[in-house]
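Here are the chains, one letter per residue:
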There are 2 protein chains.
Amino acid sequence: MAKQNAFYAQSGGVTAVINASACGVIETARQHGDAIGTVYAGRNGIIGALTEELIDTSALSDQQVQQLRHTPGGAFGSCRYKLKDIDSHRSQYERLIEVFKAHDIGYFFYNGGNDSADTCLKVSQLADAMGYPLKAVHIPKTVDNDLPVTDNCPGFGSVAKYIAVSTQEAAMDIESMCATSTKVFILEVMGRHAGWIAAAGGLAGHKEGDAPHLIIFPEIPFDRATVMARVDDCVKKFGFCVMVVSEGARYADGTFLADAGTTDAFGHKQLGGVAPTLAGMIKQDLGHKFHWAVADYLQRSARHLASATDVEQAYAVGAAAVKLALEGKNSVMPTIVRTQDTPYAWEIGEACLSDIANVEKMMPRDFITPDGFGISELGRQYLSPLIQGEDCPPYVNGLPQYIRLQHQLVAKKLPDFEP
Amino acid sequence: MAKQNAFYAQSGGVTAVINASACGVIETARQHGDAIGTVYAGRNGIIGALTEELIDTSALSDQQVQQLRHTPGGAFGSCRYKLKDIDSHRSQYERLIEVFKAHDIGYFFYNGGNDSADTCLKVSQLADAMGYPLKAVHIPKTVDNDLPVTDNCPGFGSVAKYIAVSTQEAAMDIESMCATSTKVFILEVMGRHAGWIAAAGGLAGHKEGDAPHLIIFPEIPFDRATVMARVDDCVKKFGFCVMVVSEGARYADGTFLADAGTTDAFGHKQLGGVAPTLAGMIKQDLGHKFHWAVADYLQRSARHLASATDVEQAYAVGAAAVKLALEGKNSVMPTIVRTQDTPYAWEIGEACLSDIANVEKMMPRDFITPDGFGISELGRQYLSPLIQGEDCPPYVNGLPQYIRLQHQLVAKKLPDFEP
């Protein structure tokens, strides 16, 4: 087999561990220098392939590549850009193949979620149709944890750990003050369609009365009266109430709480923000003193609190992608296969992209307690292993020592292209 | 000197390290069993003294006391409750002395901010006037860092580290996506009157162009046109803009950007929501895609990311308070004295409560850059040492192992009292 180059790109919302996957790809490729030449990374994801902005990762020292393992964000730039429909915009896909051909790229590693799995599959199919030999492997990544087949998605374990720890810590703060101060605390977390991240907040509690007292899942239609009654009961019984609320919380008719055109507790028109919306209801209906937090990007970039399990898995899927490609596999994705719950054990598996692309894995109803406000034992059994272990970055001067790469671009060989 | 008991209470907003001070008090008192009998802790702060709800800390094992050092929140309960004016409500102060007398309490350790320094001083004066021998020592604690005389306040260093690290991490996330996604990110932080916490965000950046690109301080009057122009410039120049905004941000006329219209138990205005308010302006004036986060209680309870320097200082002021009392000192507060910037060195000093009570230390103007949107070298020199070092709590099952105490109350000896 002639030696060929590889192309790697990051796609969609970045995570605390997506660079650990990049590290897995590059280190493994370097171990197979007989088969893989240079690993090029797309500047700002797949856009970099379209515009022929390729970052030469061979310019990175082994130590720099190692540092990617503990660096959050997307080191090469990511993008929210979905390739257009292949039938009406075939030229976009053809351009990708042209760029690959111009730079002798035989391996395509695409690191993302549902959309990018679909793109990866289409690129692979078009390369095939055009007679261009390409091994296209998708590398799973998404804090939303919504890819099918794989047990979980790298990126999720770390955001889960962040939300569990933050809920635990904030709850201790509130509990110690609740006699004379805040009675209700609301933490808004990500997850527009599925409640995986909100569910992780449930790991902070272990027994009746522990925070969080209520989790508001997108899966459970929001009923204001029921929720308010629960909050009030909770304040009466425990003195305080901690809520973890998914940004995707919605009414039975599908309307998001945050998009409901309401005003917050301060009378300001809402600009998104389910936490202040809920706070407004609590003020209006119950009159309890409240506080709210919106973790937003903090949750998915918190590499300082990454799950060691998540970091290992993110690295492993990156490394496995290279190995699969070298075995001649195409249109596949390495998966995480859970072989045992306690103690947790996992191994790397393999899935066809046609089983992954555009399929969204929802949270099973039985991961949620029957009342709809907590996680069940089954849910806990699934989630708990994913936050195990700590993987602290090195610190210098009190701050994590993350690497910020200078992007060294390869000389262009093709005419400009407007994506 | 006859052996007497001690009373310790936590006051006001809790911090990630207030229990480290409690640990310092209890461990040091245990080392001086010849002079100090039992340390009683007020349940929910000073209210516990008024209602005679005293927690017997002698029921705690040495190991449990040790665990307080790495546990956030207020382990004995804190309160937002300010004793009323001594002239019109003398009975409240007399009640405290009665309770102290009933339980043979000769040492009063009050762990809080400005308000509690004032209370501690008044209790000391009244005890003196009533001929009751009491050594009253205030232990500094406040994330707001606004106590005078002391170099800094335990609790601040950890929230500063949390904000610096969170700003750094979120900035890496945004930078990697800004070509096609979010251009402006706003992190709202605590600090009603002084911009100490917002300033800490500045530690995330080191050179021109580094995030945060704008810090909005309460000290600098907010001018919408100027700020919007800066944000827009920043997006044009760097592709994105990261802002750290103090909850106390205000216009030239003193109006807060986000005024909740409600007041807390101390009569302070309850603020919240400056981040969404600013986001609204960015949407209206510039049209850039934005995201915002409100760290709220997460920032002051994040013991998992505590500054080791802060933990040491919190412990040291607790220990020093006991030693000062044993030396016969009264109406004093141990302080932190900076003896050197680089490498940072400090020692424990001592201040009279009359110099502390009700005095608010504002941030010097020369800690802020001339343009009003960043921290100066002088500011960095002051702040940087306070976030040095990590002090990770132990983890079990992926979560920090914090201690939650069972409050064992001492039998009451006095009639009920309505505070």
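Model, not experiment: these values are computed from the prediction. (Residues numbered from 1 in each chain as written. Chains lettered and ligands numbered in written order. Predicted model: local features only at pLDDT ≥ 70, side-chain atom pairs only at ≥ 80, totals over all residues. Heavy atoms only, no water.)

1. Here's the deal with the overall build of chain A
1) Next: In terms of regular secondary structure, chain A is built from 12 helices and 13 strands.
2) Next: For a compact globule of 419 residues, the expected C-alpha radius of gyration is about 22 Å, and chain A comes in at 23 Å, within 12% of that figure.
3) Next: Based on the C-alpha atoms only, the size of chain A along its principal axes is roughly 70 × 45 × 40 Å.
4) Next: Counting across all 419 residues of chain A, residues that qualify as buried make up 66%. (Helix = DSSP H or I, 4+ residues; strand = E, 2+ residues; numbered from the N terminus. Rg over C-alpha atoms; globule rule 2.2 N^0.38 Å. Buried < 20%, exposed > 50% of the residue type's maximum accessible area, 1.4 Å probe, protein only.)

2. Some details on the relation of the copies chain A and chain B
1) Next: With an RMSD of 0.1 Å, chain A superimposes on chain B once it is rotated by 180° and translated 0.0 Å along the axis. Such values leave the two copies arranged in the relation of a two-fold axis.
2) Next: Both copies contact each other with a shared surface, as 93% of the interface residues of chain A are interface residues in chain B too. (Least-squares fit on C-alpha atoms with pLDDT ≥ 70 in both. Contact = heavy atoms within 4.5 Å.)

3. Some remarks on the domain arrangement of chain A
All names here are of chain A.
1) Next: Parsing chain A into structural domains produces domain 1 (4–148 + 304–358 + 390–400) and domain 2 (156–301).
2) Next: Taken together, the 16 residues of domain 1 in the interface contact 12 residues of domain 2.
3) Next: Buried area between domain 1 and domain 2, summed over both chains or domains, comes out near 1300 Å², and the portion from carbon and sulfur atoms is 56%.
4) Next: By the criterion of area lost to domain 2, the three top residues of domain 1 are Val143, Asn145 and Leu305, representing 43% of everything that side buries.
5) Next: Where domain 1 touches domain 2, the interface holds 1 salt bridge.
6) Next: Note that Lys161 is salt-bridged to Glu390, the shortest N-O span being 2.7 Å.
7) Next: Along the contact surface separating domain 1 from domain 2 lie 6 residue pairs in polar contact (both at pLDDT 80 or more).
8) Next: Here the side of domain 1 that touches domain 2 is built from residues that sort into 7 nonpolar, 5 polar and 4 charged. (Domains from an automatic or database assignment. Buried area = accessible area lost by both parts, 1.4 Å probe. Salt bridge = Lys/Arg side-chain N within 4 Å of Asp/Glu carboxyl O. Polar contact = N/O pair within 3.5 Å; in protein donor to acceptor, adjacent residues only side chain to side chain. Nonpolar A, V, L, I, M, F, W, Y, C, P; charged D, E, K, R; others polar.)

4. Comments concerning the pattern of salt bridges
1) Next: For the structure shown, the criterion picks out 40 salt bridges over all chains.
2) Next: Ionic pairing is found between Asp210 of chain A and Arg404 of chain B, a salt bridge with its closest N-O pair at 3.1 Å. A residue pair is termed interchain when its members come from two chains, as with Asp210 of chain A in the loop between helix 7 (196–201) and strand 7 (214–216) and Arg404 of chain B in the segment after strand 15 (399–400).
3) Next: The class for Asp210 of chain A is buried, based on a relative accessible area of 11%.
4) Next: For Arg404 of chain B, a relative accessible area of 44% gives the class partly exposed.
5) Next: Between Lys329 of chain B and Glu350 of chain B there is a salt bridge; the shortest N-O distance is 2.9 Å.

5. Overview of helix 9 (residues 274–285) of chain B
1) Next: With 12 residues, helix 9 of chain B should cover 16 Å at 1.5 Å per step; its first-to-last C-alpha distance of 16 Å lies within 8% of that length.
2) Next: Looking one or two residues past helix 9 of chain B, Gly287 of chain B carries a phi angle of roughly 75°, positive in sign. (Expected span 1.5 Å × (residues − 1).)

6. Details of the interface of chain A and chain B
1) Next: Listed by partner, the interface residues are 74 residues for chain A and 74 residues for chain B.
2) Next: When chain A packs against chain B, close to 5900 Å² is buried across both sides, 58% of that on carbon and sulfur atoms.
3) Next: Note that Arg404 of chain B is salt-bridged to Glu175 of chain A, the shortest N-O span being 2.9 Å.
4) Next: On the surface where chain A and chain B come into contact, there are 35 residue pairs in polar contact (both at pLDDT 80 or more).
5) Next: Breaking the side of chain A that touches chain B down by element, the ones donating at least two residues are helix 6 (156–177), strand 6 (184–189), helix 9 (274–285), strand 9 (290–294), helix 10 (297–301) and strand 13 (399–400) of chain A.
6) Next: The element best represented in the side of chain A that touches chain B is helix 6 of chain A, accounting for 14 residues.
7) Next: Residues of the side of chain A that touches chain B, tallied by class, amount to 35 nonpolar, 25 polar and 14 charged.

7. A word on the UniProt feature "binding site: Mg(2+)" (unreviewed entry) in chain A
All names here are of chain A.
1) Next: In the numbering adopted here, UniProt assigns the feature "binding site: Mg(2+)" (unreviewed entry) to Asn114.
2) Next: Relative to the helices and strands, Asn114 is located in helix 5 (residues 114–129).
3) Next: Residue Asn114 is classed as buried on the basis of its relative accessible area of 14%. (UniProt positions renumbered as here; feature names shortened; annotations may be inferred.)

8. Points about the UniProt feature "site: Important for catalytic activity and substrate specificity" (unreviewed entry) in chain A
All names here are of chain A.
1) Next: Sequence positions flagged by UniProt for "site: Important for catalytic activity and substrate specificity" (unreviewed entry) are, in local numbering, Asp115.
2) Next: You can see Asp115 is positioned in helix 5.
3) Next: In contact with Asp115, other than residues within four places in its own chain, are Lys82 and Asn358.

9. A short note on unusual backbone geometry
1) Next: The peptide bond linking Ala211 of chain A to Pro212 of chain A adopts the cis configuration, its omega dihedral lying at 0°.
2) Next: Assignment of secondary structure puts Pro212 of chain A in the loop between helix 7 and strand 7.
3) Next: One non-glycine residue, Glu52 of chain A, lies in the positive phi region at around 60°.
4) Next: Summarising the element assignment, Glu52 of chain A is placed in the loop between helix 2 (46–50) and strand 3 (54–56).
5) Next: Phi is positive for Asp104 of chain B, close to 55°, though the residue is something other than glycine.
6) Next: Secondary-structure assignment places Asp104 of chain B in the loop between helix 4 (90–102) and strand 4 (105–112).

10. Focus: the pairing of strand 8 (residues 241–246) of chain A
Residue and element names in this part refer to chain A.
1) Next: Burial analysis of strand 8 places 6 of its 6 residues in the buried class, the great majority of the element.
2) Next: Every second residue of strand 8 is oriented toward a common face, with Cys241, Met243 and Val245 on one face and Val242, Val244 and Ser246 on the other, all of them buried.
3) Next: Taken together, the 6 bridges between strand 6 and strand 8 define a ladder with parallel strand orientation. In the strand pairing of strand 8, Glu188 is matched with Val245.
4) Next: In this structure, strand 7 lies alongside strand 8, joined through 3 bridges in parallel fashion. Residue pairing across strands places Ile215 opposite Val244, the latter belonging to strand 8.
5) Next: Between strand 7 and its parallel partner strand 8, the chain crosses via helix 8 (residues 224–238), and the hand of that crossover is right-handed. (Pairing = 2+ DSSP bridges. Right-handed = clockwise from strand over helix to strand, strands pointing away.)

11. Examining the environment of Val317 of chain B
Residues and elements named next belong to chain B.
1) Next: Structurally, the position occupied by Val317 is in helix 11 (residues 308–326).
2) Next: Exposure remark for Val317: the relative accessible area of 0% places this residue in the buried category.
3) Next: C-alpha separation for the pair Val317 and His291, spaced 26 residues apart in sequence, amounts to 40 Å.
4) Next: Every residue in contact with Val317, bar those within four places of it in the chain, is listed here: Ser21, Ile139, Pro140, Pro154, Pro334, Ile336 and Ile348.

12. Re the packing of aromatic side chains
1) Next: Per the counting criterion, the structure on display carries 25 aromatic pairs over all chains.
2) Next: Aromatic side chains Tyr107 of chain B and Phe109 of chain B sit 6.5 Å apart centroid to centroid with 0° between the ring planes, which places their arrangement in the stacked category.
3) Next: Tyr107 of chain B sits in the buried class, given a relative accessible area of 2%.
4) Next: Taken together through their ring pairs, the aromatic side chains of Phe7, Phe100, Phe108 and Tyr110 of chain A make up a single cluster.
5) Next: One cation-aromatic arrangement involves Arg192 of chain A over Phe256 of chain A; the distance from NZ or CZ to the ring centre is 4.6 Å.
6) Next: The aromatic ring of Tyr315 of chain B is capped on one face by Arg69 of chain B, whose charged end is 4.9 Å from the ring centroid. (Phe/Tyr/Trp six-rings, centres within 6.5 Å; stacked < 30°, edge-to-face > 60°. Lys NZ or Arg CZ within 6 Å of the ring centre and 35° of its normal.)

13. Regarding the side chain of Thr167 of chain A
All names here are of chain A.
1) Next: Here Thr167 shows up in helix 6.
2) Next: For Thr167, a relative accessible area of 2% puts it in the buried group.
3) Next: Those residues in contact with Thr167 that lie beyond four places of it in its chain are Leu187, Gly201, Ala204, Pro212, Val242 and Val244.

14. Considering the environment of Ser301 of chain A
1) Next: Positionally, Ser301 of chain A belongs in helix 10.
2) Next: Residues Ser301 of chain A and Val14 of chain A lie 287 residues apart in sequence; the distance between their C-alpha atoms is 7.8 Å.
3) Next: Setting aside its immediate chain neighbours within four residues, Ser301 of chain A contacts Ala16 and Pro72 of chain A together with Glu169, Ala170 and Asp173 of chain B.
4) Next: Among the polar contacts listed, one links the side chain of Ser301 of chain A to the backbone nitrogen of Ala170 of chain B, at a separation of 3.5 Å.

15. Remarks on the environment of Tyr81 of chain A
Residue and element names in this part refer to chain A.
1) Next: Relative to the helices and strands, Tyr81 is located in the loop between helix 3 (62–68) and helix 4 (90–102).
2) Next: C-alpha of Tyr81 to C-alpha of Ile46: the two residues are 35 residues apart in sequence and 7.8 Å apart in space.
3) Next: The contacts of Tyr81, once residues within four sequence positions are left out, are Ile46, Ile47, Leu50, Gln92 and Pro419.
4) Next: A distance of 2.4 Å separates a polar atom in the side chain of Tyr81 from a polar atom in the side chain of Gln92.

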